Amino acid sequence: MKDRCTAIVLAAGQGKRMKSKVKKQFLSIAGKPIVYYALQCFEKASFINNVILVTSEDCVDYCQKKIVEKYGFRKVEKVVVGGKERYDSVYAGLLACGETDYVYIHDGIRPFITRDILERALDGARETGACVVGMPSKDTVKIVDKEQFVTKTPKRARVWAVQTPQVFRYSIIRQAHEKARLGRMDGVTDDSMLVEKYGDCKVKMVEGSYENLKITTMEDLFVAEVILRGNEL
């Protein structure tokens, strides 16, 4: 039987660093909102069965009418309300998934995912139960202490910058979230951290793309415009 795959796309951020009245996931690139491009990729991927779009309570109607219905995203099965923190929004998405085998968790402000990235991530998750995408660091990385003195220089070949999507067997990520929520979740910045701590499988790293940037500042928005124009040539 073919695995059922669900994508959770997170679009609940406030975008304070953008200093814009429009939330960053709804800012425009080439005439379409940033989150459109991620949704479009999942829509076109034949192995993605359905999509859960997570947003803030005040944006549910906007997402449904101005994004899902306007652009004809048939795979967006539900638009659900997220939470105060990113991990709360992910958990809301997990609760809304229904029957599924694998779940993609993706930041809606990463517009340049591709089918190849989605396939590599799923292959990695099938191998171990948990997979993240990322790219080797182009820069030398330093580990510092609280006073910002360098304590260690890890080998650059072993240092990767983590991206999304992150893909998990549904039972593994759901259980990891539920175990984590019994205690403190301070410092949790991505879902693989929870599997590393509470899961019983190794987390596989596969290659994403240097173009798979996370748009958090106006400078990132300008770069995204350049990438999009380049991809259209």
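Computed from a prediction, not measured in an experiment: that's the story for all the values here. (Residues numbered from 1 in each chain as written. Predicted model: local features only at pLDDT ≥ 70, side-chain atom pairs only at ≥ 80, totals over all residues. Heavy atoms only, no water.)

### Here we look at the pairing of strand β5 (residues 76-81)
At step 1: One ladder, built from five bridges, connects strand β4 (residues 50-55) with β5; its direction is parallel. Of the residues in β5, the one forming a bridge with Leu53 is Val79.
At step 2: Handedness of the crossover joining β4 and β5 through helix α2 (residues 60-71) is recorded here as right-handed. (Pairing = 2+ DSSP bridges. Helix = DSSP H or I, 4+ residues; strand = E, 2+ residues; numbered from the N terminus. Right-handed = clockwise from strand over helix to strand, strands pointing away.)

### Here's the deal with the pattern of salt bridges
At step 1: All told, the structure shown has 11 salt bridges when counted by the stated rule.
At step 2: Residue Arg86 is joined to Asp191 by a salt bridge in which the shortest nitrogen-to-oxygen separation is 2.9 Å. Taken together, the residues Arg86 in helix α3 (residues 86-95) and Asp191 in helix α6 (residues 191-198) connect sequence positions 105 residues apart.
At step 3: The exposure class assigned to Arg86 is partly exposed, which follows from its relative accessible area of 26%.
At step 4: Notably, a salt bridge pairs Glu119 with Arg115, separated by 3.0 Å at the nearest N-O pair. One end of the pair, Glu119, and the other, Arg115, are both in helix α4 (residues 115-128), four residues apart, so they sit about a helical turn from each other.
At step 5: According to the relative accessible area criterion, Arg115 is partly exposed, its value standing at 37%.
At step 6: Linked through salt bridges whose partners overlap, the residues forming this network are Arg86, Asp107, Arg110 and Asp191. (Salt bridge = Lys/Arg side-chain N within 4 Å of Asp/Glu carboxyl O. Buried < 20%, exposed > 50% of the residue type's maximum accessible area, 1.4 Å probe, protein only.)

### Regarding the packing of aromatic side chains
Remark: the centre distance and the inter-plane angle together describe each pair of aromatic rings, the angle taken between the planes.
At step 1: Enumeration according to the criterion identifies six aromatic pairs in this entry.
At step 2: Here the aromatic rings of Tyr36 and Phe73 are separated by 5.6 Å at their centres, their planes lie at 45°, and the arrangement is tilted. On the criterion of sequence distance, the pair formed by Tyr36 in helix α1 (residues 34-44) and Phe73 in the loop between α2 and β5 is long-range, its members being 37 residues apart.
At step 3: Judged by its relative accessible area of 10%, Tyr36 falls in the buried class.
At step 4: With a relative accessible area of 6%, Phe73 lands in the buried category. (Phe/Tyr/Trp six-rings, centres within 6.5 Å; stacked < 30°, edge-to-face > 60°.)

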